[in-house]
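Descriptive analysis of the structure
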Amino acid sequence: MLHIVDDEDVIRDALEWLAQSRGLPARGYAGGQAFLDALGDRFAADTPHGDCVLLDVRMPGMNGIAVFDQLVARGLLARLPVIFLTGHGDVPMAVDSLKRGAFDFFEKPFNDNQLMDRVEEALAASRKAASRDAIHARLATLSAREREVLDLILAGNMNKVVADKLGISMRTVEVHRAHIFDKMQVKTAVELAGLLK
């Protein structure tokens, strides 16, 4: 989803149309607070959506920099890359934003194709971050013993070797292995290794 945060109706409408012409779902917000209110807590670790924010710098009320600060404070930049749009930007502002994690910075007027290419790159980065977050969330469900078994499986050890190294029965290793595969949503050790590489 492309989130367009700009106080100018004509800019929001044009960007929504541009996004939809590329098959990208888009939603516009007339201000920073409206966007943050709509955002809520929808970025759970298991949400696979790719998201990106086109954020105007100068808006009445909460400006784009303040919205960006909120996203930084909430640790959402990987899942919600920000591309700044401004007609009033300057080099120090752009450099500072990029150093703090903004995905890109465009001055108005901008080239439509270049902007949409960067949006698509940001959406791809967001999906990759969502996938990473989902894997980490699944790993967090493993018990300490399951993590030990997982590490030994990933090292290429057979069940008997895992059992000997941990001082447990081979049947217990098989049970742990089944739980690991179930929690990680894989069917084989090869698939598990590929997921965690």
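Residues numbered from 1 in each chain as written. Predicted model: local features only at pLDDT ≥ 70, side-chain atom pairs only at ≥ 80, totals over all residues. Heavy atoms only, no water.

With an unreviewed UniProt entry as reference, the chain is termed Response regulator, source organism Telluria mixta.

**Digging into helix H7 (residues 159-166)**
Basically, it comes down to this: Partly exposed describes any residue whose relative accessible area lies between the buried limit of under 20% and the exposed limit of over 50%, with all areas from a 1.4 Å probe on protein chains only and scaled to the type maximum. Working definition: helices are DSSP H or I runs of at least four residues, strands are E runs of at least two. Numbering for both runs from the N terminus. The arc in question is formed by the directions pointing from the helix axis toward the C-beta atoms.
Where H7 is concerned, the buried positions are Asn 159, Val 162, Ala 163 and Leu 166. Looking straight down H7, one finds its buried side chains confined to an arc of 100°; they lie on one side. Opposite the buried face of H7, at more than 90 degrees from it, the exposed residues are Lys 160, Asp 164 and Lys 165. With its phi angle positive at about 65°, Gly 167 sits one or two positions after the end of H7.

**Thoughts on the sheet that holds strand E4 (residues 82-86)**
The condition that has to hold: Only when DSSP finds a minimum of two bridges between them are two strands counted as paired. Lines are fitted to the C-alpha atoms to define the axes, a helix being fitted only along its stretch in contact, and any angle between axes, read from their N-to-C directions, falls within 0 to 180 degrees.
As summarised here, the arrangement of the five strands in space is E2-E1-E3-E4-E5, forming an open sheet in which the pairing is parallel. Since the sheet does not close on itself, it has two edges, and those belong to strand E2 (26-29) and strand E5 (104-107), each with one partner. Strand-to-strand, the axes of this sheet are offset by a mean angle of 20°, without reference to chain direction. For strand E3 (residues 52-56) and E4, the ladder comprises four bridges, and the chain directions are parallel. Looking across to E4, one finds that Asp 56 is bridged to Leu 85.

**A word on the pairing of E2**
Here is the rule: Here the term right-handed applies to a crossover when the path leading from its first strand over the helix to its second strand runs clockwise, the strands being oriented away from the viewer.
Taken together, the four bridges between strand E1 (residues 2-5) and E2 define a ladder with parallel strand orientation. When the bridges of E2 are listed, Ile 4 appears paired with Gly 28. One crossover worth recording links E1 to the parallel E2 by way of helix H1 (residues 9-21), and it is right-handed.

**Observations concerning the side chain of Asp 56**
Put simply, the rule is: Whenever a nitrogen or oxygen atom comes within 3.5 Å of another N or O atom, the pair is scored as a polar contact, on the condition that within protein one atom can donate a hydrogen and the other can accept it, and that pairs from neighbouring residues in sequence are kept only if both atoms are in side chains.
By the element assignment, Asp 56 lies in strand E3. Among the polar contacts made by the side chain of Asp 56, one reaches the side chain of Lys 108 at a distance of 3.4 Å.

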